[in-house]
Amino acid sequence: MPQSNHPRLETASRSLIEARQLARLQLGLTRILPRNSFYERKLLANGQPLSLTRLRDLSRLPFTTKQELLADQERHPLYGENMTYALSEYVRYHQTSGTTGRPLRVLDTVESWKWWADCWKTVYQAAGVTRDDVIFIAFGFGPFIGFWAAYEGAKNLGALVVPGGGMDSLQRLRMMQDVQATVLVCTPSYALRLAEIARQEGLDLQKLKVRITIHAGEPGASIPATRRRIEEAWGAKAYDHAGMSEMGAYGFTCEQQHGLHVNEGEFIAEILDPRSGQPVPVGEVGELVLTNLGRWGNPALRYRTGDLVRNGGYSCPCGRAFLLLPGGILGRIDDMLIVRGVNIYPSAIAEILHRFPEVAEYRIIITNNGSLDEIALQVECPSSLVSEIHEALRAAFGLRIPVEAVAEGSLPRFELKAKRVEDRRRRML
């Protein structure tokens, strides 16, 4: 299926954008029905027509969840029934990271893998990357889909791309220096880890040629304090990106760096109240629900991402009319901590801690006091800073959160998705 994300679509009227989305969706449904047993059963069991006449009719379709897809693969190993074509048509195997449980296997055809790469090309272009750049991807290149599509997207852009697999952090830094990399692609946590290694080894990152960093895998590059720390360490502009193995590379940051734009040329986005399923108004927070429009071999219709985002409407100083998510991914529904009646997201704690240059790394520990959850922090910082951190947390949340200063280098570091929340509640039952 040809791409219909014409460059001018980013600044088009809502009516034109939605007309293009509807046309893509209608055509896609004719491809996956009745060839895709998973969606044929889901849609026809709910009495849905094979085509939609208006984009708002999308709300009549059932949601898709990761739990459903995992259960489908459990019942029909290895890949489940969410396959539109014969297995011989698929050329790429990847899987989710498995950080929240058993990994989900995902397959792509030649067509859908090119679509992934084109979506990443949009990410690069929005960040100002050109074919004259040298892109270094600090990623292990295992079965986790991670930055595989970023590698393909760089090729589509025409830029020189350098894979950073099979190296430790110091080797990656030296390779970036040798090849004169101008763009770094990695998780936000790992960008900070590389900066830490550079300090330890006496390497001046400011003397590298890196001018742009692009980050994904976890909230960070849209958290102002975290982005500022990355930019100060690297002397470069830091951009956020959002994608999912089961969905695609759907979000990018523009030059304004206000958050994420959804690539509405290739995805349909809904922001819904997680309980009622109703759309939330502009300015409010809800769950992001996505439908991809170019991965018909392994589609995802009305996929509940579990990510909480703010509805920023369709206006941005950059001129794009694509949906804006201020602050990027605010957190996951299941990551929210309720401490003495106060809702706290790990990303909000990161925003506070990363304001302090002396903080190297941290860990959030969840315990319980009877039926009530409690949190405490271990922070790599000087002991003299603890009282300031206490005060900043109290001002933000109205709570006194215990903070323990620990030695620098004593907490884990991360190349992929950071795991900074340690749940100790089970040990206390």
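Predicted model, so just to flag it, every value in this text is computed and none were measured.

Notes on the nonpolar core
Part 1: Membership of the largest hydrophobic core comes to 74 residues, with the highest contact counts inside it found for Trp 120, Tyr 124, Ile 137, Val 185 and Ile 214.
Part 2: Considering each element in turn, this core owes the most residues, 8 residues, to helix 4 (residues 110-126).
Part 3: Beyond its immediate sequence surroundings of up to four residues, Trp 120 is in contact with Phe 147, Ala 149, Ala 150, Gly 153, Val 185, Ile 214, His 241 and Ala 249.
Part 4: In terms of nonpolar packing, the next biggest core, distinct from the first, is built from 26 residues, Ile 352, Ile 375, Phe 397 and Val 403 among them.

Brief notes about the pattern of salt bridges
Part 1: According to the stated counting rule, one finds 32 salt bridges in the structure shown.
Part 2: One salt bridge connects Glu 374 with Arg 340, and the closest N-O pair in it is separated by 3.1 Å. In this pair, Glu 374 sits in strand 18 (residues 372-380) while Arg 340 sits in the loop between strand 15 (337-339) and strand 16 (342-344), placing the two residues 34 residues apart along the sequence.
Part 3: What makes Glu 374 buried here is its relative accessible area of 17%.
Part 4: By relative accessible area, which is 40% here, Arg 340 ends up partly exposed.
Part 5: Connected via shared salt-bridge partners are Arg 193, Glu 196, Glu 380 and Arg 413.

What about the pairing of strand 19 (residues 403-406)?
When a strand is regular, its side chains alternate between the sheet's two faces.
Part 1: The pairing of strand 18 with strand 19 spans 4 bridges and is parallel. Each bridged residue has a counterpart across the sheet, and for Gln 378 the counterpart in strand 19 is Glu 404.
Part 2: Crossover handedness for the path strand 18 to helix 10 (residues 386-397) to strand 19: right-handed.

As for the packing of helix 7 (residues 188-201) against helix 8 (residues 224-234)
Part 1: Helix 8 packs onto helix 7 with a crossing angle of 35° between their chain directions and a minimal axis gap of 10 Å. Judged by the twist between their axes, the crossing of helix 7 over helix 8 is left-handed. Counting all contacts with helix 7, which are made through Pro 188, Ala 191, Leu 192, Leu 194 and Ala 195, the residues of helix 8 involved are Thr 226, Arg 229, Ile 230, Ala 233 and Trp 234.
Part 2: The residue inventory of the contact of helix 7 with helix 8, partitioned by class, reads 8 nonpolar, 1 polar and 1 charged.

Re helix 8
Part 1: When helix 8 is considered as a whole, its buried residues turn out to be Ala 225, Thr 226, Arg 227, Arg 229, Ile 230 and Trp 234.
Part 2: Against helix 6 (169-179), strand 5 (183-186), helix 7, strand 6 (212-215), strand 7 (237-244) and helix 9 (346-353) lie the buried residues of helix 8.
Part 3: Two residues or fewer past helix 8, Gly 235 is found with a positive phi of approximately 60°.

Side note on empty space enclosed by the protein
Part 1: In this structure the tally under the stated criterion is 1 cavity of 30 Å³ or more.
Part 2: For the largest cavity, the calculated volume is near 120 Å³.
Part 3: Leu 69, Gln 73, Asn 82, Arg 105 and Asn 298 are, among the 14 residues lining the largest cavity, the residues nearest its centre.
Part 4: For the lining of the largest cavity, the secondary structure elements donating two or more residues are helix 3 (66-75) and strand 2 (105-109).

What about the sheet that holds strand 7?
Part 1: Pairing is mixed across the open sheet formed by 8 strands, whose spatial order is 4-3-5-6-7-8-9-13. Of all the strands in the sheet, the pair left with one neighbour each is strand 4 (160-163) and strand 13 (324-326). The mean angle between the axes of side-by-side strands here comes to 25°, regardless of whether they run parallel or antiparallel.
Part 2: In the sheet, strand 8 (residues 248-252) pairs with strand 9 (residues 259-262) via 2 bridges, with the strands oriented antiparallel. Pairing of Gly 251 across the sheet is with Val 262, part of strand 9.
Part 3: Its contacts with the sheet put helix 6 on strand 3 (134-137), strand 4 and strand 5, and the angle it makes with strand 3 is roughly 170°.
Part 4: Strand contacts of helix 8: strand 5, strand 6 and strand 7, with the helix running at about 130° to strand 7, the strand carrying the most contacts.

Parameters at a glance
Residues numbered from 1 in each chain as written. Predicted model: local features only at pLDDT ≥ 70, side-chain atom pairs only at ≥ 80, totals over all residues. Heavy atoms only, no water. Core = buried A, V, L, I, M, F, W, Y, C linked by side-chain atoms within 4.5 Å. Buried < 20%, exposed > 50% of the residue type's maximum accessible area, 1.4 Å probe, protein only. Helix = DSSP H or I, 4+ residues; strand = E, 2+ residues; numbered from the N terminus. Contact = heavy atoms within 4.5 Å. Salt bridge = Lys/Arg side-chain N within 4 Å of Asp/Glu carboxyl O. Pairing = 2+ DSSP bridges. Right-handed = clockwise from strand over helix to strand, strands pointing away. Axes fitted to C-alpha atoms, helices over the stretch in contact; angles between N-to-C directions. Left-handed = near helix turned anticlockwise from the far one by under 90°. Nonpolar A, V, L, I, M, F, W, Y, C, P; charged D, E, K, R; others polar. 1 Å grid on protein atoms, 1.4 Å probe; cavity = no way out; pocket = protein on both sides within 12 Å on 5 of 7 lines; lining within 4 Å. Points joined across faces, edges and corners; volume = space filled by probe spheres on them.

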